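Structural description and commentary
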Amino acid sequence: MGGLAAGLACLRAGWQARLYEQAPEITEVGAGIQLGPNATRLLADWGLEHALAGVAAFPERLQARDAVDGAVLGEMNLGPSFRERYGAPYASVHRADLQRVLMEAAVAAGVDLRLSSRVHASQCDAHAVRLRVNESPEIEGDALVAADGVWSTLRRQWVGDGMPTATGHLAYRALIAQSALPQALRSAGVTVWLGPRLHVVAYPVKCGEQLNVVVIVQGRSGGVATDWDQDAATADLHSAMGPLCAPLRDLVHAIPAWRLWALHDRPPMRGPEEMARGRVALLGDAAHPMRPYLAQGAGMAIEDAQELGRALAMHVTTGIEVEVVLQRYALNRWQRCAQVQSRAQRNGRIFHATGVVQWGRNMAMRLLGERLMDQPWLYR
């Protein structure tokens, strides 16, 4: 996702862009993604507003509920007043659909997409970046953007801060056709269920035809850490959740099969050197892996791409050195990304609270509602 957005932004900035993807084809993988107006605004600026509208859902409401007793804790309107306030809508979309929108736009703009292309090595000097891709001779370019995800091999080379660490949270995820659910379980909005040591998020995708459900519990996976699409035992999920209110229990039990993802991340960014070194820039999860508790993983990658494009355009229009404009990209991004990483981690603790903290959370949400749930600092 980040690579496609970056490739498109580079083309818009007047650069030629080659995108190396190790997979042999772009496949229909993944589940749901939420996009706040900070992201949908940029997609509209790139001319993708209508393409997004053809595949996404646009929820009118965000509701938080207690996972144990089912009580509504707070609501936020995502309808016309929200769109007017932020100048863009809140969207929920299947990952494959957003990926296809970005890929078609990038290829149409002239991005040279090369599949089955694994980067084995990279070198950088004052004049160029050189890559070794597959068994081919060295490939030379003016800049390298590493958008290879949370397990980024390029980050390990250029930042050298080791591997991501396990968060202790497991994400069980599923997609189900809304027509396969009883009417009472179907939803056109975003619902977040908060419980002791767990939370559940459900929202529509595919123009509302499917419901994306993610259950996050505390625990460890015995599978391969880098595999974000593991087989999941439904019985393990049910036992990990404990007592639930009837509507949430019915929703979870209505889903026949789940996939498992053991969440890994890094500490919030500590400086711009984690986003740019010389002619090499990091983008998206390669730079700042996001826990999904603020729904901003894709949003931050899209924001990164926009800022990268602005920086690279400066090189085209003014001739400022590549190293300087990439450093400016990093300086303009790292603090915001660190703030979002930190807020997402804090949300995870609040969502999974027990005891007095759980009581205080519920009371605050009931008293403040939308004033607490809205995020002007993020969406503007």
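Numbers given for residues are sequential positions, taken from 1 along each chain in its written order. Per-residue local features are limited, in this predicted model, to residues with pLDDT of at least 70; the limit for side-chain atom pairs, both in listing and counting, is 80 or more; totals at the level of whole chains, interfaces and linings are taken over all residues. Side-chain numbers here rest on the full set of heavy atoms in the structure, without hydrogens or water.

1. Some points on the layout of surface pockets
Here a cavity denotes a set of grid points, spaced 1 Å apart and computed over the protein atoms alone, in which a 1.4 Å probe fits but from which it cannot get out, and a pocket denotes an open set meeting protein on both sides within 12 Å along at least five of seven lines; residues with an atom within 4 Å of a point are reported as lining. Grid points are joined across faces, edges and corners, and a volume is the space filled by probe spheres set on the points. Taken as a whole, the second largest pocket holds about 280 Å³ of empty space. The residue classification treats Ala, Val, Leu, Ile, Met, Phe, Trp, Tyr, Cys and Pro as nonpolar and Asp, Glu, Lys and Arg as charged. All others, Gly included, are polar. Among the residues making up the lining of the second largest pocket, the classes are represented as 9 nonpolar, 4 polar and 4 charged.

2. Observations concerning the nonpolar core
We define the nonpolar core as a collection of buried residues of types Ala, Val, Leu, Ile, Met, Phe, Trp, Tyr and Cys that are connected through side-chain atoms lying within 4.5 Å of one another. Burial status follows relative accessibility: with a 1.4 Å probe on protein chains alone, a residue under 20% of its type maximum counts as buried, one over 50% as exposed, and anything between as partly exposed. Counting 93 residues, the largest nonpolar core has Leu35, Leu43, Trp46 and Leu98 as its most contacted members. Between two residues, a contact is recorded if the distance between any of their heavy atoms is within 4.5 Å. Discounting chain neighbours no more than four positions away, the residues touching leucine 35 are Thr40, Leu43, Leu52, Pro89, Tyr90, Ala91, Val93, Leu98, Ala298, Gly299 and Ile302. Ala67, Leu170, Leu211 and Trp258 belong to the second largest nonpolar core, which has 27 residues in total.

3. Some details on the pattern of salt bridges
Every case where a carboxyl oxygen of Asp or Glu lies within 4 Å of a side-chain nitrogen of Lys or Arg is listed as a salt bridge. Counted under the stated rule, the structure contains 19 salt bridges. Two residues, arginine 85 and aspartate 374, come together in a salt bridge whose shortest N-O distance is 3.2 Å. Of this pair, arginine 85 sits in helix α4 (residues 80–86) while aspartate 374 sits in the loop between α12 (370–373) and α13 (376–379), and the two are 289 residues apart along the sequence. Here arginine 266 and aspartate 161 are joined by a salt bridge, their closest N and O atoms 3.3 Å apart. Secondary structure counts use DSSP, requiring at least four H or I residues in a row for a helix and at least two E residues in a row for a strand, with both numbered from the N terminus.

4. Regarding the sheet that holds strand β10 (residues 144–146)
Taken in spatial order, the 3 strands line up as β10-β18-β17 in an open sheet, and their pairing is mixed. Only two strands of the sheet have a single neighbouring strand rather than two, namely β10 and β17 (276–277). Here, strands pair whenever DSSP counts at least two bridges between them. The pairing of β17 with strand β18 (residues 280–282) spans 2 bridges and is classified as antiparallel. Note on β18: the bridge partner recorded for alanine 276 is alanine 281. Docked against the sheet, helix α10 (residues 322–351) engages β17 and β18, running at close to 20° with respect to β18. Here, axes are lines fitted to C-alpha atoms. For helices the fit covers the stretch in contact, and angles between N-to-C directions go from 0 to 180 degrees.

5. Here's the deal with the sheet that holds strand β8 (residues 129–133)
A sheet is described by the order of its strands in space; here 3 strands give the open sequence β7-β8-β9, paired in antiparallel fashion. Both outer strands of the open sheet, β7 (119–124) and β9 (139–141), are each paired with one neighbouring strand and no more. Ignoring which end each strand starts from, the neighbouring axes of this sheet average 25° apart. As paired strands, β7 and β8 are joined by 5 bridges and run antiparallel to one another. Note on β8: the bridge partner recorded for glutamine 123 is arginine 130.

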